[in-house]
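Breakdown of the fold
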Amino acid sequence: MNRRLVSALALMCLASACGGGEPATPAAEAHTEAPAAATPDPTMLPTPLQNAVAATGVTCDGQPYKVAFNDFSATLTYDDGATQELPALPPTAGSEPGVTVYTDTKISFSKSGGGGTPETIRFARGRLAWQDCSTTAN
């Protein structure tokens, strides 16, 4: 049994010495990876350029709003100047493709379209049904 152990260890040492060339460099592997999805970094503060999104004037259920959409949130501005941040919900298995929902569970906006299709903005309060919004002149 001792002889088998010694020969097995000798084979392992020989095999590790004959590794088969240079190891791949990490830089070469980095080029083959797919880019990560855009997610906000919670440790980074937003810059003024990230917040400088043009607000869209909309009328929903007879109430005028200005809503500025970005990838991670929507900033809602009421007609009296008060603002409210609505975070974007991550897509789920039941989500409609191309539709992003922004909500604080009391007020919700959804935005779809773009890229050649007309943009649609919808509005809902709490658990009430979604209503289409009309775009108003700024």
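See above for the structure.
Nothing here was measured: the structure is a model prediction, and the numbers come from that model.

1. Overview of the state of the cysteines
By the definition in use, this model includes one disulfide. Here Cys 60 is linked by a disulfide to Cys 133, with a sulfur-sulfur distance of 2.0 Å. Judged by the sign of its S-S torsion, about 115°, the cystine formed by Cys 60 and Cys 133 is right-handed. You can see Cys 60 sitting in strand 1 (residues 56–60) and its partner Cys 133 sitting in the loop between strand 8 (131–132) and strand 9 (134–135), a full 73 residues away along the chain. Owing to a relative accessible area of 0%, Cys 60 belongs among the buried residues under this scheme. Judged by relative accessible area, which is 14%, Cys 133 ranks as buried.

2. Here's the deal with the packing of aromatic side chains
Per the stated rule, a full pass over the model turns up five aromatic pairs. Relative to Phe 123, the ring of Tyr 65 lies with its centre 5.4 Å away and its plane at 35°, an arrangement referred to as tilted. Of this pair, Tyr 65 sits in strand 2 (residues 63–69) while Phe 123 sits in strand 7 (residues 117–125), placing them 58 residues apart in sequence. When sorted by exposure, Tyr 65 lands in the same class as Phe 123, which is buried.

About the cut-offs
- Residues numbered from 1 in each chain as written.
- Predicted model: local features only at pLDDT ≥ 70, side-chain atom pairs only at ≥ 80, totals over all residues.
- Heavy atoms only, no water.
- Disulfide = S-S within 2.5 Å.
- Helix = DSSP H or I, 4+ residues; strand = E, 2+ residues; numbered from the N terminus.
- Buried < 20%, exposed > 50% of the residue type's maximum accessible area, 1.4 Å probe, protein only.
- Phe/Tyr/Trp six-rings, centres within 6.5 Å; stacked < 30°, edge-to-face > 60°.

Fair warning: the whole summary comes from geometry, so function is off the table for now.
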